[in-house]
Amino acid sequence: MDFDLRAHTLLLTVAGSRAYGVHTAASDVDVKGAAIPPAAYFHGMLSRFEQADKPSQVQAFLGDLSEVERAACADSKLEGSVYHLVKFCQLAADCNPNMLDVLFCRDAEVRLCTPAGEALRASRELFLSQKAKHTFSGYAASQLKRIRGHRQWLLNPPTQKPERADYDLPERTLIPADQLAAAQAALRHKIDGWAVDYGDLYPSSVVHIQEQIARYLAEIQTTTDEHWRSAARSIGYDENFIALLDRERRYKAAMREWQQYQDWKTERNPARAQLEADHGFDTKHGMHLIRLLRTGRELMLTGRVNVWRGDIDAEELVAIRNGAWEYEQLVEEAERIDTELEALYRSGACILPRAPDRVALDRLVIGLVEEALSTRLSSDTLPR
């Protein structure tokens, strides 16, 4: 990226806990926004830009923050992401929760906004659709998966690094490295060939289909291991070779988990780690799990994206983060709201359109880009 990011940014907002109203004085500052890069990034072949998310890149916006936010950044780097307008709008049209936060946050959280940014915010209703069910549920499912994974480590932590002997493997593999790599590549190719080709489907539609497939496989009790062994047999590997490959595979998986566990132990915030130890699960993830599901439900029922939770349920969300809920209560409530979202989606009770008006959104993006590029041709600067 070889251009002035701030000069080309049309919209920047404070994001994360500060946008939700659940922050503390010590909370990190996170920003998100959209930019229109120079003409070469549209017309040329050498310049590429999708997003800027390195702390060194977003430091350009430090002066746009409030005094309180700048003080908070003295203890930790300013973090965030600024997206190419086209990518930003593609994600927002798919009801990506992070992009909707930028479009629907309060004016109080907007830190930089050009006339193009104002036009984008004024058109935010165009981005909403029932795809929100899949994206909000999908993000919540990711939070719950992390909660369960960390809880497993808390309750039953790995005690020692996996050894090859634990999987009935010799110190050195019996299969030459190149043959082992070739066999594993063939298996990956076979399994990839069985994967559903989603073509040009939008990401939220892919998430929905994957949910249905996962539910179906769970009901017929098909496991990943069985899928893997079926692929190996279809290639023609004999049972002894399959057994050896399987032990190598399980050893490598155990090593990955061991390394993830080590990274998790060393990288955790001490205060957050203490909350996990006290309550048996990651309470911060728990707070965001419930926030995402509730926000998705509100959107499906009312058509409003309530980013700011200060006058809705911020107090309860903070209490969840502080350990007010037991793990079982958290999971039960998450599953209940997710079931409600599924019922809303299937019943037709949702007031949102089935899909966004992508033609209108396309016209919006074209207009914003053409205006920005033509203005720069005449003045060499982007209006601020």
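Refer to the structure above for everything that follows.
Each value, and the rule that gives it
- Residues numbered from 1 in each chain as written.
- Predicted model: local features only at pLDDT ≥ 70, side-chain atom pairs only at ≥ 80, totals over all residues.
- Heavy atoms only, no water.
- Salt bridge = Lys/Arg side-chain N within 4 Å of Asp/Glu carboxyl O.
- Helix = DSSP H or I, 4+ residues; strand = E, 2+ residues; numbered from the N terminus.
- Core = buried A, V, L, I, M, F, W, Y, C linked by side-chain atoms within 4.5 Å.
- Buried < 20%, exposed > 50% of the residue type's maximum accessible area, 1.4 Å probe, protein only.
- Contact = heavy atoms within 4.5 Å.
- Pairing = 2+ DSSP bridges.
- Arc of directions from axis to C-beta.
- Axes fitted to C-alpha atoms, helices over the stretch in contact; angles between N-to-C directions.
- Parallel < 35°, antiparallel > 145°, perpendicular 65-115°, else oblique.
- Left-handed = near helix turned anticlockwise from the far one by under 90°.
- Nonpolar A, V, L, I, M, F, W, Y, C, P; charged D, E, K, R; others polar.
- 1 Å grid on protein atoms, 1.4 Å probe; cavity = no way out; pocket = protein on both sides within 12 Å on 5 of 7 lines; lining within 4 Å.
- Points joined across faces, edges and corners; volume = space filled by probe spheres on them.

A few points about the pattern of salt bridges
The full count for this structure, using the stated rule, is 23 salt bridges. A salt bridge links E333 to R336, with the shortest nitrogen-to-oxygen separation between them at 2.9 Å. Here E333 and its partner R336 are both found in helix α16 (residues 327-347), three residues apart, which amounts to about one turn of the helix. Members of the salt-bridge network, linked through shared partners, are R294, E298, R309, D313 and E316.

Quick word on the nonpolar core
L85, F88, L100, L120 and F127 are the most contacted members of the largest nonpolar core, which totals 61 residues. Examining the composition of this core, we find that eight residues originate from one element, α16, more than from any other. Residues contacting L85, with those up to four places away along its chain left out, are L10, A34, A35, I36, L120, V365, L368 and V369. F3, V29, A72 and L78 belong to the second-largest nonpolar core, a separate cluster that totals 17 residues.

Some details on the pairing of strand β4 (residues 79-84)
The element β4 is largely enclosed, with a buried count of five among its six residues. Of the pairings in the sheet, the one linking strand β2 (residues 30-35) to β4 comprises six bridges and is parallel in character. Of the residues in β4, the one forming a bridge with D30 is E79. Note that strand β3 (residues 51-52) and β4 share two bridges and pair antiparallel. Bridging across to β4, A52 finds its partner in V82.

A word on helix α7 (residues 115-122)
What α7 keeps buried is the set A116, G117, L120 and R121. Across the axial projection of α7, the buried residues extend over an arc of 140°, all falling on one side. Projecting away from the buried face of α7 at angles above 90 degrees are the exposed residues P115 and A122.

Comments concerning the pairing of strand β1 (residues 9-15)
The buried count for β1 comes to seven of seven residues, which makes it a mostly enclosed element. Relative to β2, β1 runs antiparallel, the two sharing six bridges. Each residue of the ladder has a partner; that of T9, found in β2, is A35. In this sheet, strand β5 (residues 110-113) lies alongside β1 in antiparallel orientation, the contact comprising three bridges. In the sheet register, T13 faces β5, and the bridge partner there is V110.

Observations regarding the packing of helix α8 (residues 132-155) against α16
The contact between α8 and α16 brings their axes to 11 Å, and the two run at 160°. It follows that α8 is roughly antiparallel to α16 by the angle criterion. Both α8 and α16 take part in a crossing whose hand is left-handed. Counting all contacts with α8, which are made through K133, H134, S137, L144, I147, R148 and R151, the residues of α16 involved are Y327, E328, L330, V331, E335, D338, L341, E342 and Y345. Looking at side-chain class alone, the contact of α8 with α16 contains seven nonpolar, two polar and seven charged residues.

Topic: empty space enclosed by the protein
Counted under the stated rule, the structure contains one cavity of 30 Å³ or more. Its volume calculated, the largest cavity comes out at about 40 Å³. Y20, P97, D101, F136, R291, T295, N306, V307 and R309 are the residues that line the largest cavity. At the level of elements, α6 (97-104) and α14 (283-302) are the ones that each hand at least two residues to the lining of the largest cavity. Classifying every residue of the lining of the largest cavity gives four nonpolar, two polar and three charged.

Things to note about the layout of surface pockets
Using a probe with the size of a water molecule, rolled over the atoms, empty space left in the structure can be pinpointed. Counted as a void, the largest pocket has a volume near 1200 Å³. As for the largest pocket, its lining consists of 38 residues, of which S17, D28, R272, K284 and H288 are closest to the centre. When contributions to the lining of the largest pocket are tallied by element, the ones reaching two or more residues are α1 (17-20), β2, α6, α8, α12 (239-267), α13 (270-279) and α14. Broken down by element, the residue count for the lining of the largest pocket peaks at six residues, all from α14. Among the residues making up the lining of the largest pocket, the classes are represented as 11 nonpolar, 12 polar and 15 charged.

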